[in-house]
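Below, each chain spelled out in residue letters.
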Amino acid sequence: MCGIIGYVGKKPSSEVLLEGLKRLEYRGYDSAGICVDSPEGFKIIKSTGKLKNLLAIVPPRPFGHNGIGHTRWATHGGVTESNAHPHTDCSGKIAIVHNGIIENYEKLRELLKDKGHSLKSDTDTEVIAHLIEQCYKGDLTKAVLETVSLLKGTYGLVVMHQDHPDMMVGARNGSPLIMGVGDGEMFLASDASAIISYTKQVIYLQDGEIVTVTPESFQTMDLDENIINKDIDIIEWQAESFEKAGYDHYMLKEIYEQSESIVRGMKGRLDRTHATGHLGGLNMTTEELLKVERVVIIAAGTSYHAGLVAAYLLESMAGIPAHAEIASELRYRNPIIEKNTLYFAISQSGETMDTLYAMRELQRKGARVLGICNVVGSTIARESDGGVYIHSGPEIAVASTKAFTSQMTAMYIFTLIMARLRNMSFEDGLEFIDEMEAVPEKLKTIFKSAPKIEAIAKKYCHTESFLFLGRGINYPVAMEGALKLKEISYIHAEGFSAAEIKHGPIALINEKTPSLFLVTDDRLHDKIISNMKEVKSRGGKIIAVAAEGDKDVYGIADDVIEVPKTVEYIYPFLMSIPLQLLAYYSALELGRDVDQPKNLAKSVTVE
Ligand code: AGP
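Our subject in this report is the structure included herewith. In every chain, residue numbers begin from 1 and rise along the written sequence. Where local features are concerned, this predicted model is filtered to residues with pLDDT of at least 70; where side-chain atom pairs are given and counted, the filter is 80 or more; whole-chain, interface and lining totals use all residues. The basis for every side-chain value is the complete set of heavy atoms in the structure, and neither hydrogens nor water enter the calculation.

Some details on empty space enclosed by the protein
Applicable threshold: With a 1 Å grid laid over protein atoms only, a set of points is called a cavity when a 1.4 Å probe fits there but cannot get out and a pocket when it is open yet has protein on both sides within 12 Å along at least five of seven lines; lining residues have an atom within 4 Å of a point. Grid points are joined across faces, edges and corners, and a volume is the space filled by probe spheres set on the points. Polar here means any residue other than Ala, Val, Leu, Ile, Met, Phe, Trp, Tyr, Cys and Pro, which are nonpolar, and Asp, Glu, Lys and Arg, which are charged; Gly is therefore polar.
One pass over the structure, following the stated rule, counts two cavities of 30 Å³ or more. Taken as a whole, the largest cavity encloses approximately 380 Å³ of empty space. As for the largest cavity, its lining consists of 30 residues, and the residues nearest its centre are Asp191, Ala192, Trp237, Ser349 and Val375. Its residues assigned to classes, the lining of the largest cavity shows 14 nonpolar, eight polar and eight charged. By volume, the second largest cavity amounts to about 110 Å³. Around the second largest cavity, the lining is made up of 14 residues, and of these Cys2, Trp73, Thr75, Gly100 and Asp124 lie nearest the centre. Here the residues of the lining of the second largest cavity are counted per class, giving four nonpolar, eight polar and two charged.

See the structure below:
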């Protein structure tokens, strides 16, 4: 999704803007640009492709004192320099960057053309610049207020005007926009990554808010011009956590970080005295938790797979009927809200529009929705009726890895709480805590297999299609393994329940299509071995991710990756790591852009 950075202050703004855009690259983009004030007027520099193309044409000597920058993820209009942001009005004195989609832009474009405006791009954003010009009578804030009242759709936008040096106006509706408060300088940005090197003091703008910013001041108001007093929050993340820390890619760093991020997610939340868990943000009393008769989880992508794992666990460990749904499907299904049903919205970014709008629809119908998010202050986190931050630290790679296991960690702790309120014994509760706390060390053991996993990736990645098969609580892990592979290596991959292979997919089996089986040494072990034999007997190549010491798989699989033995419900944590590494090394071997795969965005803030 698009990235926005705006700056007013005493630093040379071109440098601040370019640094900010570098931090925002992870959001996914296909062009970039900056607009910087100068004595001769706005200097606007834009380019398509990667940021290095922009860096190559920006004057090497930093310049300007305020400015705006943007990384564009194309929605309206192709990837061209003219469609790249910033956009200006006819006079060239108003410049704007925008994230979101203006649904009525074509009608507005026609109205503007009738008034003599000449638009140069195919974008909805440029329409906003000309509307501001149309509304401007000397007060930029008022012009923006009047303009946004005409817009239908979503926006996070930052506006500058040459006649108002050292001022920016920001507005937010449906697309994230935060304000960084510095000493004699202010920032507006899509997320904390762009400003954390300069300040950790942040204000989270809400939908329907406008902010007027100068280096020494800011004023926030609603669309009716009522002044709103905002609290300053402190970003909890450290600036260095946005660095690669010596890894070749953010994705590899974040895969290895899981032995720490899972610990962070459990910190202070496991209670051995009562063999239960504590999640402060649930905002639910014990009585309310005891009344829960059903759990429904909504999410997208990887977060949906974490929800599927959580649903299995809630049913098996806490005896609570639970299921996970794709958020965009639930939203338009006209869902029936059953009483005593607790909903969860799982979202790493906390900004995924499909999940946000599904949550709002559930809340509109009276449902209680808890958010499981990573980004503090994100929209889903703020609008949910309570919830849990997963504390996995910033996840920069588009392919989600550590957030997946951290989301599971939070939901496992919730399951422990619910199970111990129902029939789970003290001893079983302690065992659950023991198994959870043993996960990080088990992950470190698996990391030692990275060279073997890399070799397997190189052996099988030159294929058209890859099948991932698991059963029970590992069925969602198979789906997640398929998503990881396809989204960064561009190999078609499908994850499904191992038993299902004989109901159709087995027709796909040939010596070129690898089948990866998740083989756990639990009650389903022999069933999975049978499924493997069905593939083997038809000439299929098999990779097995299996519990260490499992002799059965060696006679069937062509390649085996071992994970430490554990209890059935902990395998999703362990099995995920080889699948993440397999995807990583496959993408590397195929020369893909591992951290920013083509067409993808880290936070999908469009429907
Ligand atoms: C996961 O690797 C993908 N990048 C994508 O499926 C992602 O999980 C999905 O867009 C949901 O994002 P969220 O967790 O921020 O809501």
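So, helix H11 (residues 353-364)
The criterion, for reference: For the purposes of this entry, the term helix denotes a DSSP run of H or I that reaches at least four residues, the term strand denotes a run of E that reaches at least two, and both are numbered from the N terminus. Helix span, expected: 1.5 Å multiplied by one less than the number of residues in the helix. Residue exposure (1.4 Å probe, protein chains only): buried if accessible area is under 20% of the type maximum, exposed if over 50%, otherwise partly exposed.
Between its first and last C-alpha atoms H11 spans 16 Å; for twelve residues at 1.5 Å apiece the expected length is 16 Å, and the two agree. Every buried residue of H11 is listed here: Met353, Thr355, Leu356, Tyr357, Ala358, Met359, Glu361 and Leu362. Gly366 sits one or two residues past H11 and shows a positive phi near 95 degrees.

Things to note about the packing of aromatic side chains
How we decide: Only centres within 6.5 Å qualify two rings of Phe, Tyr or Trp (six-membered ring in Trp) as a pair; their planes then separate them into stacked at under 30 degrees, edge-to-face at over 60, and tilted for everything else. Note on criteria: charge over ring means Lys NZ or Arg CZ within 6 Å of the ring centre, with the direction from the centre no more than 35 degrees off the ring normal.
For the structure on display, the rule yields eleven aromatic pairs. These aromatic residues form a ring-pair network of at least three members: Tyr412, Phe432, Tyr569 and Phe573. Over the ring of Tyr490 we find Lys598; its NZ or CZ atom is 4.7 Å from the centre of that ring.

Comments concerning the state of the cysteines
Counted only if it meets this: Two cysteine sulfur atoms form a disulfide, by the criterion used here, when they sit within 2.5 Å.
Using the criterion set out here, one finds zero disulfides in the structure. As a non-bridged cysteine, Cys35 has Cys90 as the owner of its nearest cysteine sulfur, 16 Å distant. Unpaired in this structure, Cys90 has its nearest cysteine sulfur neighbour in Cys135, at a distance of 13 Å.

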